[in-house]
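Residues per chain are reported as follows:
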Amino acid sequence: MKNLVLPCLLVICLGFQSCKNDEKRKEFDTAKAEGEKIVGTECYRAIYEKDTVDLKLNTLKNGKITGNLVMKAAAAPEKRGEITGEFRGDTLFADYTFINPGNATKFKNPLAILKKGEKLILGNGTMQTTMGVTYLVKDIPIDFENVKYKFDSAQCAEKK
């Protein structure tokens, strides 16, 4: 009988610990969801010759940025993708994830977008790919002067 009491107590203690972990996990998930709530949305459009780029940025409660980018270049198929990143000072450093319409290959490219007043400027930076990951080279400055895409504030399109 004594041999049975100790294992039973151990199982009960493990059960209580498991319930505590579930509560902590629920609190973590709730805090994460709260931080991912959208607190603001801004839309922008850039036009360069026959190219049009539409950008929608959602600011989350935790300070991160999400959104969509649609690039309609005259000589290429339309690219639609998602933006995720964050502002560091006045520059948004983000990843643009899109699927190549021609062969359904998924790409992830880094972007640097400078906020200057009410305008956004898509910078030109030197990119490097290492082990399948593309990133902006840190030691080479990003050019925000000689660029194609300068975004003006635009009306956000409503979903139908």
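The rules behind these values
Residues numbered from 1 in each chain as written. Predicted model: local features only at pLDDT ≥ 70, side-chain atom pairs only at ≥ 80, totals over all residues. Heavy atoms only, no water. Helix = DSSP H or I, 4+ residues; strand = E, 2+ residues; numbered from the N terminus. Buried < 20%, exposed > 50% of the residue type's maximum accessible area, 1.4 Å probe, protein only. Areas by Shrake-Rupley, 256 points an atom, 1.4 Å probe, with all protein chains shown as cover. Core = buried A, V, L, I, M, F, W, Y, C linked by side-chain atoms within 4.5 Å. Contact = heavy atoms within 4.5 Å. Salt bridge = Lys/Arg side-chain N within 4 Å of Asp/Glu carboxyl O.

*Asks:* Explain the overall build of the chain here, please?
*Replies:* Helices and strands together make up the secondary structure of the chain, namely one helix and 10 strands. Secondary structure elements in the chain, listed N-terminal to C-terminal, are α-β-β-β-β-β-β-β-β-β-β. For the chain, the residues scored as buried account for 26% of the 160 residues in total. Taken as a whole, the chain presents about 11,800 Å² of accessible surface, with 56% of it coming from carbon and sulfur.

*Asks:* Whenever I open this one, the nonpolar core confuses me. Can you help?
*Replies:* Where a protein is soluble and globular, its nonpolar side chains tend to be buried together. Counting residues in each nonpolar core, the largest one holds 19 residues, and the members touching the most others are L55, L57, I83 and F151. If you list the elements that add at least two residues to this core, you get strand 1 (38–48), strand 2 (51–60), strand 3 (64–72), strand 5 (91–99), strand 6 (106–116) and strand 7 (119–122). Ranked by the residues each element gives to this core, the list is headed by strand 5, at four residues. Not counting residues within four places of it along the chain, the set of residues in contact with F151 comprises Y44, R45, A46, V53, L55, K119, L120 and L122. A112, L114, L136 and F144 belong to the second largest nonpolar core, which has six residues in total.

*Asks:* For this particular structure, what's the right way to read unusual backbone geometry?
*Replies:* When glycine is set aside, most residues are seen to have a negative phi, and most peptide bonds are trans. Even without being a glycine, E49 presents a positive backbone phi close to 50°. Note on placement: E49 falls in the loop between strand 1 and strand 2. In this structure, M131 is a non-glycine residue whose phi angle is positive, near 50°. Of note, M131 is situated in the loop between strand 8 (127–130) and strand 9 (133–136).

*Asks:* When you look at the pattern of salt bridges in this model, what are you seeing that I'm missing?
*Replies:* Where side chains of opposite charge bring their charged atoms close, a pairing between them can arise. Enumeration over the complete set of coordinates arrives at five salt bridges. When the shortest N-O distance is used, the salt bridge between R45 and D54 registers 2.6 Å. For D54, a relative accessible area of 19% gives the class buried. The salt bridge involving K64 is made with E86; its shortest N-O contact spans 3.6 Å. Taken together, the positions of K64 in strand 3 and E86 in strand 4 (residues 79–88) put the pair 22 residues apart, joining distant regions of the chain. By relative accessible area, E86 is classed as partly exposed at 31%.

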